[in-house]
Amino acid sequence: MTETAIQFEHVRKSFGNEVVIPDLNFKINQGEFITILGSSGCGKTTTLKMVNGLLKPSAGKIMVNSQQISELDLVRLRRHTGYVVQQIGLFPHITVAENIAVVPRMLQWDQEAIKQRVDELLTLVQLAPAEYRDRYPKQLSGGQQQRVGVARALAANPPTVLFDEPFGALDALTREKLQEEIKQIHTALQGKTFLFVTHDINEALFLGQRVMVMKDGRIEQFATPTEIVSHPATNFVRELLGTVQQNQALWRDFND
Ligand SMILES: Nc1ncnc2c1ncn2[C@@H]1O[C@H](COP(=O)(O)OP(=O)(O)O)[C@@H](O)[C@H]1O
Ligand SMILES: [Mg+2]
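Residues numbered from 1 in each chain as written. Chains lettered and ligands numbered in written order. Predicted model: local features only at pLDDT ≥ 70, side-chain atom pairs only at ≥ 80, totals over all residues. Heavy atoms only, no water.

Visitor: With reference to specific residues and values, describe the sheet that holds strand S5 (residues 67-68).
Guide: Strand order in this open sheet of four strands is S2-S1-S4-S5, and the pairing throughout is antiparallel. Whereas interior strands pair on both sides, the edge strands pair on one side only; in this sheet they are strand S2 (18-29) and S5. Pairing geometry for strand S1 (residues 4-15) and S2, over eight bridges, is antiparallel. Considered in S2, the bridge of Gln7 is made with Lys27. Strands S1, S2 and strand S4 (59-64) of the sheet are contacted by helix H1 (residues 44-51), whose axis makes an angle of about 125 degrees with S1. (Pairing = 2+ DSSP bridges. Helix = DSSP H or I, 4+ residues; strand = E, 2+ residues; numbered from the N terminus. Contact = heavy atoms within 4.5 Å. Axes fitted to C-alpha atoms, helices over the stretch in contact; angles between N-to-C directions.)

Visitor: Run through the nonpolar core, naming residues and quoting values.
Guide: In this structure, Ile100, Phe163, Ile182 and Phe194 are the most contacted members of the largest nonpolar core, which totals 33 residues. Among the elements of the structure, helix H3 (96-100), helix H5 (111-124), helix H7 (142-154), strand S7 (160-164), helix H8 (172-189), strand S8 (193-198) and helix H9 (201-207) are those that each provide at least two residues to this core. With five residues, the single largest contributor to this core is H7. Leaving out residues up to four positions away in the same chain, Phe163 has contacts with Leu48, Val84, Val150, Ile182, Phe194, Leu195, Phe196 and Val197. Core analysis: the next-biggest nonpolar cluster, separate from the first, contains 24 residues, Val51, Ile62, Ile69 and Met214 among them. (Core = buried A, V, L, I, M, F, W, Y, C linked by side-chain atoms within 4.5 Å. Buried < 20%, exposed > 50% of the residue type's maximum accessible area, 1.4 Å probe, protein only.)

Visitor: Lay out the packing of H7 against H8 with the relevant residues and their values.
Guide: Two numbers describe how H7 lies on H8: the axes approach to 11 Å, and their chain directions differ by 20 degrees. By the criterion of interaxial angle, the relationship of H7 to H8 is roughly parallel. Crossing handedness for the pair H7 and H8: right-handed. Across the interface between the two elements, Gly143, Gln146, Arg147, Val150 and Leu154 of H7 pack against Thr174, Lys177, Leu178, Glu181, Ile182, Ile185 and Leu189 of H8. Among the residues making up the contact of H7 with H8, the classes are represented as six nonpolar, three polar and three charged. (Parallel < 35°, antiparallel > 145°, perpendicular 65-115°, else oblique. Left-handed = near helix turned anticlockwise from the far one by under 90°. Nonpolar A, V, L, I, M, F, W, Y, C, P; charged D, E, K, R; others polar.)

Visitor: A description of the layout of surface pockets should follow, citing residues and the corresponding values.
Guide: In this model, the largest pocket occupies a volume close to 400 Å³. Lining the largest pocket are 20 residues; nearest its centre among them are Arg78, Thr81, Tyr83, Val103 and Arg152. Sorting the residues of the lining of the largest pocket by element identifies helix H2 (74-79), strand S6 (81-85), helix H4 (102-106) and H7 as the ones contributing at least two each. Examining the composition of the lining of the largest pocket, we find that five residues originate from one element, S6, more than from any other. Looking at the lining of the largest pocket residue by residue, the classes come out as 13 nonpolar, four polar and three charged. Of the pockets and cavities examined, the second largest pocket occupies roughly 220 Å³. Among the residues making up the lining of the second largest pocket, the classes are represented as four nonpolar, five polar and two charged. (1 Å grid on protein atoms, 1.4 Å probe; cavity = no way out; pocket = protein on both sides within 12 Å on 5 of 7 lines; lining within 4 Å. Points joined across faces, edges and corners; volume = space filled by probe spheres on them.)

Visitor: So, the sheet that holds S6: which residues are in play, and what are the values?
Guide: Here we have six strands laid out as an open sheet, ordered S6-S7-S8-S3-S9-S10, and mixed in their pairing. Whereas interior strands pair on both sides, the edge strands pair on one side only; in this sheet they are S6 and strand S10 (218-223). Shown here is a sheet whose adjacent strand axes are inclined to one another by a mean of 15 degrees, direction ignored. Relative to S10, strand S9 (residues 210-215) runs antiparallel, the two sharing five bridges. Residue Val213 lies in a different strand from S10, and its bridge partner there is Gln221. The strands touched by helix H11 (residues 235-242) are strand S3 (33-37), S9 and S10; relative to S9, the strand with the most contacts, the crossing angle is about 110 degrees.

Visitor: Tell me about the site of ligand 1, and please be specific about residues and values.
Guide: What surrounds ligand 1 is the set Phe15, Glu18, Val20, Ser39, Ser40, Gly41, Cys42, Gly43, Lys44, Thr45 and Thr46. Take Gly41: an N or O atom from its main chain is 2.6 Å from an oxygen atom of ligand 1. Within the side chain of Lys44, one N or O atom sits 2.9 Å away from an oxygen atom of ligand 1. Its free accessible area being 560 Å², ligand 1 has 59% of it covered by the protein chains. Elements that contribute at least two residues to the shell around ligand 1 include exactly S2 and H1. Considering each element in turn, the shell around ligand 1 owes the most residues, three residues, to H1. Residue composition of the shell around ligand 1, by class: three nonpolar, six polar and two charged. (Near = heavy atom within 4 Å. Polar contact = N/O pair within 3.5 Å; in protein donor to acceptor, adjacent residues only side chain to side chain. Areas by Shrake-Rupley, 256 points an atom, 1.4 Å probe, with all protein chains shown as cover.)

The structure is reproduced here in structure tokens:
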């Protein structure tokens, strides 16, 4: 049976008088790779931050693994939710290994377990441990820093990982490579729920098992890439697809 990992019920979010998200409803199953696609300012980051409690909904209910977020300990929730952002914010004065180990340390894992986990994660994100564990962030390329960011987010084995345009600042080739890798990582880890925000339709269709298309804080369509491409639900989705119709080759293989 599929378990619901994340559920929004009549979620509303306003900042002062501005209603950014009027009434958001969706369910995400455990283990799904979901992409959220929409233009700048449509409420993607706000949605993501409500999942890990960085922002509180103004109204409505958010459930994570059948528990209402408002009743959870937020520090605990955040430690059990990986978070990868564009400005990855590695700590500059500590090594790659120490950056990855931040959460396991807070959780007081023993030294040997931490060391093992760091090497395992570096391998997973395709950075040779011997070569990279003792480097400092400034000794890495942008793509390598994002890889460390992904490793850090996965460190304490969280069931849910949130990605907010993590590859947005990278060049096209590095970005494509990381897209391939993140997809493989999701498959390899089995059962983890990935929620990945992007404004890039190619990225959204390539990565998402289902894609949530947002506009002005509302869902225009939430469906598989194939469904979205073959049956766009609204004019907005149709227009969005129109912008890349010439680039079909870029969509590569869909997930379903
Ligand atoms: N802390 C905040 N205070 C006031 N307005 C905000 C705040 N955060 C986001 N907004 C507004 O909410 C809207 C959605 O923002 P955001 O979720 O960051 O969009 P996206 O990530 O899709 O670009 C924007 O109009 C933005 O200006
Ligand atoms: Mg954003």
